[in-house]
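Structural overview
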Amino acid sequence: MSDFLLLAFILLVAGIIAVPIATRLKLGSVLGYLIAGIAISPLLALLGVDVISLQHFAEFGVVMMLFLVGMELEPKLLWQMRNRLLGLGGGQVVLTMILVMSVAMAFGQSWNEALVIGMIFSLSSTAIVLQTLNEKGLMKSDGGQASFSVLLFQDIAFIPMLAVIPLLVIPEVAQLTAGDGDSHGASLSLVEGLEGWQAMLVTLGAIAAVILGGNYLTRPVFRFVAGANLRELFTATALLMVIGIALLMTLVGLSPALGTFLAGVVLANSEYKHELESDIDPFRGLLLGLFFFTVGASINFSLLSENFGVVISMTFGLILLKATVLFLLGTAFKIRGAQRWLFTLGLAQAGEFGFVLLASETTNLILSEYVASLLLLTIA
């Protein structure tokens, strides 16, 4: 208990000091959290804090954020975005993957290693970009809407990426590590061991449950809860709904962020929309802050100092490559002037889903530990 309280105290103090300073310097809260995480990383290491596990927990802030974003979009508006969703989003992911894969193969990586690296680097940071756009009031701008279209497509593309990566494992390597996999506990999954068509039916059933539940069950449930006249019970119900949807999506192998976004879109016209937003937003803010803390604290400075030139070259090379792709796509889709630069520079970075792909055991069978560590540093 004392360890948990000490950790919470350290994180809160660091955030309260760093974020107001960063905001006054017009750097934004995200950079404030990142700097605070870097500053307290030696202390967290001294206390033996598992930063990566903390990061996986904090990623739920991204799930909550996409739920809230979904509530701002009506299905009609989402349908109007379909051209940019497929054109901008699909073009960015595919072109970035091809270019990164080509560069990786030129530096001696095999085709399957290069493809995994391309997938990891094609994703941008939903958490950082949406948080920054909301803070600056740019979400409704042309560049902000274009950025959101790309980020939403990336969240959708993340699902097939997770499915494809196991197919890239070299059979000989998989056989060598098969014995290790037997010692792991059974994973919770509704689709494990099913035939392809059966898994697809279960997945479609889960999506249908989210849509139908959002349309027909939420109103009577919230009316029942509202009858108790307890604000904290309404908050608990809102959290229960978001966590339940995220869990269901995880059990069928889908992205929890995508599932909660879909639920948010379904509830966009709900009479309880504003109550849901006000109840969930504080948790979203705290968890996102914790996520940015962990990104700053996860930077391995000893490895960075040993490979400083390589990591910096990879980081700026990735930014330049993605910015070029985004600028060309922005020009093709007639995003004008400053909005095109907002779109280009806002998405020209790696993203938190890259951490998830790198944390996958399957990825570790494809990439060497050294390459994975360099990729982790580049994302961070």
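See the structure above.
A short tour of the structure in this document, coming up. Predicted model, so just to flag it, every value in this text is computed and none were measured. (Residues numbered from 1 in each chain as written. Predicted model: local features only at pLDDT ≥ 70, side-chain atom pairs only at ≥ 80, totals over all residues. Heavy atoms only, no water.)

**Re the overall build of the chain**
The helix and strand tally for the chain stands at 22 helices and zero strands. The globule rule puts the C-alpha radius of gyration for 380 residues at 21 Å, and the 21 Å found for the chain is close to it. Each principal axis of the C-alpha distribution contributes one length, and for the chain these read about 65 × 55 × 55 Å. Here the chain holds 380 residues, and 49% of them are scored as buried. Taking contacts inside the chain between residues at least 6 apart in sequence as the whole, the part at least 24 apart equals 82%. With an accessible surface of roughly 19,000 Å², the chain has 69% of that area assigned to carbon and sulfur atoms. Averaging the coordinates of the 16 positive side-chain charges in the chain and doing the same for the 24 negative ones gives two points 21 Å apart. (Helix = DSSP H or I, 4+ residues; strand = E, 2+ residues; numbered from the N terminus. Rg over C-alpha atoms; globule rule 2.2 N^0.38 Å. Buried < 20%, exposed > 50% of the residue type's maximum accessible area, 1.4 Å probe, protein only. Contact = heavy atoms within 4.5 Å. Areas by Shrake-Rupley, 256 points an atom, 1.4 Å probe, with all protein chains shown as cover. Lys, Arg positive; Asp, Glu negative; His and termini not counted. Charge placed at Lys NZ, Arg CZ, Asp CG, Glu CD.)

**Re the layout of surface pockets**
Roughly 960 Å³ of internal volume is contained in the second largest pocket. As for the second largest pocket, its lining consists of 39 residues, and the residues nearest its centre are Leu31, Leu34, Ile128, Gln349 and Ala380. Mapped by element, the contributors of at least two residues to the lining of the second largest pocket are helix 2 (29-46), helix 8 (126-136), helix 16 (273-297), helix 18 (308-332), helix 19 (337-346), helix 20 (352-359) and helix 22 (369-379). Taken together, the residues of the lining of the second largest pocket break down into 25 nonpolar, 10 polar and four charged. (1 Å grid on protein atoms, 1.4 Å probe; cavity = no way out; pocket = protein on both sides within 12 Å on 5 of 7 lines; lining within 4 Å. Points joined across faces, edges and corners; volume = space filled by probe spheres on them. Nonpolar A, V, L, I, M, F, W, Y, C, P; charged D, E, K, R; others polar.)

**Quick notes on the nonpolar core**
Grouped together as the largest cluster of nonpolar side chains are 111 residues, with contacts concentrated most on Phe67, Ile120, Phe121 and Phe148. For this core, the element with the most residues is helix 16, which contributes 10 residues. If near-sequence neighbours (up to four positions away) are discounted, Phe148 is found in contact with Val69, Leu73, Met81, Leu130, Met139 and Phe261. Judged by nonpolar contacts, the second largest core, of six residues, contains Ile299, Leu304, Val311 and Leu374. (Core = buried A, V, L, I, M, F, W, Y, C linked by side-chain atoms within 4.5 Å.)

**Considerations on the packing of helix 12 (residues 196-216) against helix 14 (residues 231-251)**
Where helix 12 meets helix 14, the closest approach of the two axes is 9 Å, and the angle between their N-to-C directions is 165°. It follows that helix 12 is roughly antiparallel to helix 14 by the angle criterion. As for the relative orientation of helix 12 and helix 14, their crossing is left-handed in sense. Taken together, the residues of helix 14 that come into contact with helix 12 (itself represented by Ala206, Ile207 and Val210) are Ile245, Leu248 and Met249. (Axes fitted to C-alpha atoms, helices over the stretch in contact; angles between N-to-C directions. Parallel < 35°, antiparallel > 145°, perpendicular 65-115°, else oblique. Left-handed = near helix turned anticlockwise from the far one by under 90°.)

**With respect to a nonpolar patch on the surface**
A surface patch of nonpolar side chains, about 1,100 Å² in accessible area, is lined by Leu6, Phe9, Val13, Ile17, Ile21, Leu25, Leu27, Leu31, Ile35, Leu43, Leu46 and Leu47. A total of five residues in the nonpolar patch trace back to one element, the largest contributor, which is helix 1 (residues 2-24). Positionally, Leu31 belongs in helix 2. (Patch = residues over 30% accessible without salt bridge, like charges linked within 9 Å, V, L, I, M, F, W, Y side chains within 5 Å. Salt bridge = Lys/Arg side-chain N within 4 Å of Asp/Glu carboxyl O.)

**Thoughts on the pattern of salt bridges**
Throughout the structure, instances matching the rule amount to five salt bridges. Note that Asp279 is salt-bridged to Arg231, the shortest N-O span being 2.8 Å. Placement of Asp279 in helix 16 and of Arg231 in helix 14 is noted, with a sequence separation of 48 residues between them. Here Arg284 makes a salt bridge to Asp281, at a shortest N to O gap of 2.5 Å. In this pair, Arg284 and Asp281 are both assigned in helix 16, three residues apart and thus about one turn of the helix distant.

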